[in-house]
Structures are given as structure tokens and as C-alpha cells.
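Each chain, letter by letter, is given below.
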Amino acid sequence: MSISLVLIFFRAPSLAQIPPLKPLPIEEGSEIQPAPEIGIEEDSETEPAPEIGWEFLGSRELNQTEIHEIDYVGECPGYSSSYREARFTSITTPPARKRRVIVRNITRGVASDPYPYTDREYDHGRSSEGTRMSFGTRHDSKEFHVLDGENTFEYEIKERDRVLESGVFTAVIKRNIDVRQRDSYPITKSVCMNSEVPMSLCADIRTLTQYKCGSDWVIQSFIQPNTTEVGTLISNQTPYSVKYWINDRIQKLSSGSERIYTNNFLNIKFKSCSVGTGDGKNAKDCTNKTRSLERGKRYKFTVSELDYESVDIEDYSRS
């Protein structure tokens, strides 16, 4: 008896010949649940950076501040710079006895020979001795210069000659400019036309109005009356009329009257007599007195109480 083996081969269809699967129908009101995401769980807690840098009085922010400056416009233009007091602090190396901190501004744009720096005591409290921080590009012995915007600083905390800590930090220093209108203001006062004559002896007092931008900055001034002539006063305070010469021209001034002269140069001449005794007889001795008068001043004729002909001229005070 013989056994026959029959092999039957089937050809499988290609992927292109397999029809796409039809999506299953979704019932109304049912919700599609999203596929779960597979990922790496991140650590939500990061360690904060240590508190190192500048503290500013009145601010809770470290390494952030504004410096307020004023730009004046108008009749009296100008600029008023300012500063902010800053104190260095490091939570990792706090102040202690015999410690100092040196901070340099190494920001690009500042002078590097040397860099602006400050060397402050760091021996008590929470922060260093204060330093005045202002805008500038070079080292200054009175103020620590920074640029507008972000600045880069390097620091060294030292105990005597040993460096305890060093590093680099940044701080943002903003310039806040307040633009203000500033105009001149008038100051009015009385002045003597001859400034060398005191007011008590001045014969020509006028009103001076000055428009000022400060105690020493005068932008314009006006004087009233506005004449170039300067008056000099001569008064007769004697009980008699006095005859005299002004620049060789004869004048006469009655008792109690006065006269103003506007000559630039005044030479006065007058006669003065004194009565004496000689050989038992009264003798009169008369001389011509001359004097140059100061322009813009007050003068008066006087006589001796014992001799009415003994005439003289002297300063005539207002008081």
C-alpha cells in the first residue's frame, strides 16, 4: 500500500492589496480618552541662587535700583546728577571682624586702568559700609561709577590679606531722568551808581533788577533810571551862604540848599578864614582850600562853632 503526499501552496496578498480598516462607530455622548503621555518627570524644585550683590536702602530687590537725575530746560538749562547709596552683601560669607570687601565694575564700556572700584569695611551687620553709586566711566575716589543698564561686578571678601570668597555678579542700574522747566526769577535792590561809595554816603541811588538762575548766575539786568551820568551832591549845612568854585567856575549855595553835579571829575575850591590876635589886634587869616570830590558821593559845607568864617567840606551821611 502506498501513501501519496500532496502539498498545496497559497500566495499571501501584498500590503497594498489589504483594504484599510474601517473605524468603529462612536456612540453619542461617549468621551474619547486621550492616550497617556510617556515622558520623563522633571524636578519642579530648583535651588535658588545665593543672595550676593548690592542692597539699596528702601528697596526689597537685590541688584536692582534707579538713580534719579534732573534735566533742566528753559531760560536756565542745566543737569543735576545724583547718586544712590549701595551696600554689598553675601549670604554665604557674612560680615565679621577684620573683614573688607573690594568690588570692581568690569562692565564693557568703563575704563579699565583701573576699573572703577570700591573698598569698604565688611565687619558688622548684614552688609558692608555704604558707597555712593553714580553714573560714570572712570574710577573716582568719592563715588563708585556704573553704566546705565546691566553692570557686571567682581568681588573679593578678605580677612586681612586672606581672600575668603570671590566671584562675579550682575546688577541693573537704571537712569531715571526727570525733565523740568526752570526759568529765571527777578531780584530787585537799591544800588549806588558808584559801587565804591557806601550807601549811607551815596548821592545817586538807583533800582537794579536782575534776572537770575542762581545765586551767581545773572542772565540779564536792568537799572532805573538808565542814564550814564552819575550825580554828586553838595549841601550847605551852614547858616550862611557859601561861595565856591567847581572846576574853576564860580558857584554860590545858600544856607540849607543843595546841588547835584554830574561832572565826571569835580575839583572844588573855597575860601576859609580864621580870626586870631596879633599885637593886641584881631587879625583875619584867609586861605583857599581845594579838594577833589569823589563822583556819586554826598558832601556838605560846615563852619566852626567858634568861627563862622572857618568853612570846610566833609562827607554828608544819610543817617
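Computed from a predicted model, the values in this text were never measured in an experiment.

About the cut-offs
Residues numbered from 1 in each chain as written. Predicted model: local features only at pLDDT ≥ 70, side-chain atom pairs only at ≥ 80, totals over all residues. Heavy atoms only, no water. Phe/Tyr/Trp six-rings, centres within 6.5 Å; stacked < 30°, edge-to-face > 60°. Helix = DSSP H or I, 4+ residues; strand = E, 2+ residues; numbered from the N terminus. Buried < 20%, exposed > 50% of the residue type's maximum accessible area, 1.4 Å probe, protein only. Lys NZ or Arg CZ within 6 Å of the ring centre and 35° of its normal. Contact = heavy atoms within 4.5 Å. Core = buried A, V, L, I, M, F, W, Y, C linked by side-chain atoms within 4.5 Å.

Glancing now at the packing of aromatic side chains. Per the stated rule, a full pass over the model turns up 13 aromatic pairs. Residues Trp-54 and Phe-88 carry aromatic rings whose centres are separated by 6.3 Å and whose planes lie at 85° to one another, so their mutual orientation is edge-to-face. A residue pair is termed long-range when its members are at least 10 positions apart, and Trp-54 in strand E1 (residues 52-56) and Phe-88 in strand E4 (residues 84-90) qualify at 34 residues. Ring geometry for Phe-270 and Phe-301: centres 5.6 Å apart, planes at 80°, overall edge-to-face. Taken as a pair, Phe-270 in strand E18 (residues 266-278) and Phe-301 in strand E20 (residues 298-303) lie far apart in primary sequence, 31 residues in all. Of the two residues examined, Phe-270 and Phe-301, each falls in the buried class. By way of ring pairs, the aromatic residues Trp-54, Phe-88, Tyr-122, Phe-144, Phe-153, Tyr-155 and Phe-169 are connected into one cluster. A cation sits over an aromatic face here: Arg-182 above Tyr-72, 3.8 Å from the ring centre.

Once that is clear, we can look at the environment of Thr-227. Tracing the backbone through its elements, the reader meets Thr-227 in the loop between strand E13 (218-224) and strand E14 (232-236). Beyond its immediate sequence surroundings of up to four residues, Thr-227 is in contact with Met-193 and Arg-206.

Membership of the largest hydrophobic core comes to 19 residues, with the highest contact counts inside it found for Trp-54, Phe-88, Val-103, Met-133, Phe-153, Phe-169 and Ile-173. Mapped by element, the contributors of at least two residues to this core are E1, E4, strand E5 (99-105), strand E7 (131-135), strand E8 (144-146), strand E9 (149-159) and strand E10 (162-181). By size, the runner-up hydrophobic cluster in this structure holds 14 residues, among which are Leu-253, Ile-268, Phe-270 and Ile-313.

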